[in-house]
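Now for the letters of each chain:
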Amino acid sequence: MKASFDRLIGGKLLLFLVTLGIGYVDVLSNVSGHSVLTPYSAGSLEGVTPSFGAWGTTFYLIGVALGVPLARVLSGRFGEYRVLTYGYLCYAITSLICVSSVSVFMYAPTRFVFGVFGGFLAVVSQSAALGELPERQYKIGLGYWAALGILPYTLAVFLGGFWAEYFSWRWLFYANATLGFVISAIIGALFLVANSSARSCVSTSWAMCCS
């Protein structure tokens with residue numbers, strides 16, 4: 001059953017759009033950003049060759065491809081807000097499992113599960129963000145989302161190389177986990193606020209009808 005709530009406006013809408021935009025960029029960054037990290041991660045995963053390390057990217061892309069069709073099913077069954085809240089929470093937990101991986105045999109399958117979450121989160125994030133916009137601002141929202149789609153292939157490559165060279169390749173997943181937990185908390189809070197407003201409106205209307 002899909003949750004019903006009032007449309008977000010003002011600062012809440014802006015916070016919602018920015019939060020989902022960051023999540024969308026982060027999900028896509030795990031393709032280009034991870035490709036830069038492959039030689040570094042391969043050395044830490046029991047010293048396998050970079051060709052084995054590349055399976056981390058391949059499995060992630062397979063997971064994304066399988067996760068995209070789940071977006072409509074999950075959002076239709078549980079509602080977009082619930083899917084985003086719990087999806088980003090699981091996304092963060094899976095990222096922490098990637099951090100703790102010590103072999104490619106643990107790392108690659110975890111990246112697959114990570115990709116499944118990323119696949120449906122990217123679709124539901126875009127759908128939820130555009131769905132909250134008024135009709136007159138819909139084209140602006142499309143432009144905003146199109147611009148976000150470029151960032152992962154520019155910013156992520158730079159950040160991936162910077163973290164791997166000066167810190168550790170695992171920092172990519174620390175960033176994923178941090179953003180995942182923060183996004184989950186923000187979306188969950190907005191979901192509670194929106195539902196509270198909806199319940200208040202229903203209670204007020206019911207009281208007026210009964211009086």
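Data block above holds the structure.
Throughout what follows, the structure given in this document is the object of discussion. In this text the structure is predicted, and so the values were computed from the model without any measurement.

The rules we used
- Residues numbered from 1 in each chain as written.
- Predicted model: local features only at pLDDT ≥ 70, side-chain atom pairs only at ≥ 80, totals over all residues.
- Heavy atoms only, no water.
- Phe/Tyr/Trp six-rings, centres within 6.5 Å; stacked < 30°, edge-to-face > 60°.
- Buried < 20%, exposed > 50% of the residue type's maximum accessible area, 1.4 Å probe, protein only.
- Core = buried A, V, L, I, M, F, W, Y, C linked by side-chain atoms within 4.5 Å.
- Helix = DSSP H or I, 4+ residues; strand = E, 2+ residues; numbered from the N terminus.
- Contact = heavy atoms within 4.5 Å.
- Polar contact = N/O pair within 3.5 Å; in protein donor to acceptor, adjacent residues only side chain to side chain.

## So, the packing of aromatic side chains
- Tallied over the full model, the rule gives 16 aromatic pairs.
- An angle of 65 degrees between the planes, with centres 5.8 Å apart, marks the rings of Tyr144 and Trp145 as edge-to-face.
- A relative accessible area of 31% means that Tyr144 is categorised as partly exposed.
- Between Phe158 and Phe162 the ring centres are 6.2 Å apart and the planes differ by 25 degrees, which places this aromatic pair in the stacked class.

## As for the nonpolar core
- By size, the foremost hydrophobic cluster in this structure holds 41 residues, and its most contacted members are Phe16, Leu20, Leu84, Tyr88, Tyr91, Leu121 and Phe173.
- Put simply, the parts of the chain that give this core at least two residues each are helix H1 (10-44), helix H5 (80-99), helix H6 (104-132), helix H7 (138-148), helix H8 (155-166) and helix H9 (171-210).
- Ignoring anything within four residues of it in the chain, the contact list for Tyr91 reads Asp26, Val27, Asn30, Phe114, Phe117, Gly118, Leu121, Asn176 and Gly180.

## Structural notes on the side chain of Ser75
- Looking at where Ser75 falls in the secondary structure, it is placed in helix H4 (residues 70-78).
- Relative accessible area serves as the criterion here: at 11%, Ser75 is assigned to the buried category.
- At a separation of 3.3 Å, a polar atom in the side chain of Ser75 contacts the main-chain carbonyl oxygen of Arg72.

These results come straight from atomic positions and should not be treated as a statement about function.
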